[in-house]
Amino acid sequence: QVVEDGPAGDDRAEALWRLADLRRRAGDLAGSGEALARLVIGYPGSDRALSALDQPELAAAPGVGTRERGLVLFRHRLNEKAAAAFGALALPGKGREAAEAHYYLGILGERARDPGAALSEYDAALSLQPPGLDDTLRAQTFWDRATPLESLGRLDEASQSSASVAGAAAGSEHAAEGMFR
């Protein structure tokens, strides 16, 4: 019941971890995998989500693939492992999944202090996101793309990228600020 009705965040992540352990001990490996999957998908920033990636029951759980693993690794700043996961998804023909992977690879480029690589990844993400496909991701990509442009001294382009946020998603938290950045 704590899993369903209890507090959110780390407490719920801990409850899912313990539920997975109880199910595993009872011989219910599928149920254990299901709890671990809910943990990884719902709480990728929790320490238990990172631990869950090493559990064999998770391998057979539906809904947890390379993307979800990459998000956990990304949230825990395991940048090289996250880059490998997202790199495997940034393939031609993968559509939105590839666009999102390139977006995260852009952030990882920034973390590595490589604005050129970050910009290339953000541009790849935008090229895979025609307007209307996922305007929230498109808007966030425009917003984040401005940072490496600024660090490369390409201020006019950075300003244009920031201003593009409102066109991509008027409801974005950065839409108003993007017009004046």
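See above for the structure.
1. Structural notes on the packing of aromatic side chains
Consideration 1: Summed over the entire model, instances satisfying the criterion amount to five aromatic pairs.
Consideration 2: Each ring, one from F74 and one from F86, has its centre 6.5 Å from the other, and the planes form 75 degrees; the classification is edge-to-face. Here F74, found in helix α6 (residues 66-75), pairs with F86, found in helix α7 (residues 79-89); they are twelve residues apart in sequence, far enough to count as distant.
Consideration 3: Looking at F86, the relative accessible area reads 1%, which means it is buried.
Consideration 4: Between F74 and Y104 the ring centres are 4.9 Å apart and the planes differ by 70 degrees, which places this aromatic pair in the edge-to-face class. Of this pair, F74 sits in helix α6 while Y104 sits in helix α8 (residues 96-111), and the two are 30 residues apart along the sequence.
Consideration 5: Judged by relative accessible area, which is 16%, Y104 ranks as buried.
Consideration 6: A network of ring pairs unites the aromatic residues F74, F86, Y103, Y104 and Y122 as a single cluster.
Consideration 7: Just above the ring of F74 sits the side chain of R111; from NZ or CZ to the centre is 4.1 Å.

Reading guide: rules and limits
- Residues numbered from 1 in each chain as written.
- Predicted model: local features only at pLDDT ≥ 70, side-chain atom pairs only at ≥ 80, totals over all residues.
- Heavy atoms only, no water.
- Phe/Tyr/Trp six-rings, centres within 6.5 Å; stacked < 30°, edge-to-face > 60°.
- Helix = DSSP H or I, 4+ residues; strand = E, 2+ residues; numbered from the N terminus.
- Buried < 20%, exposed > 50% of the residue type's maximum accessible area, 1.4 Å probe, protein only.
- Lys NZ or Arg CZ within 6 Å of the ring centre and 35° of its normal.

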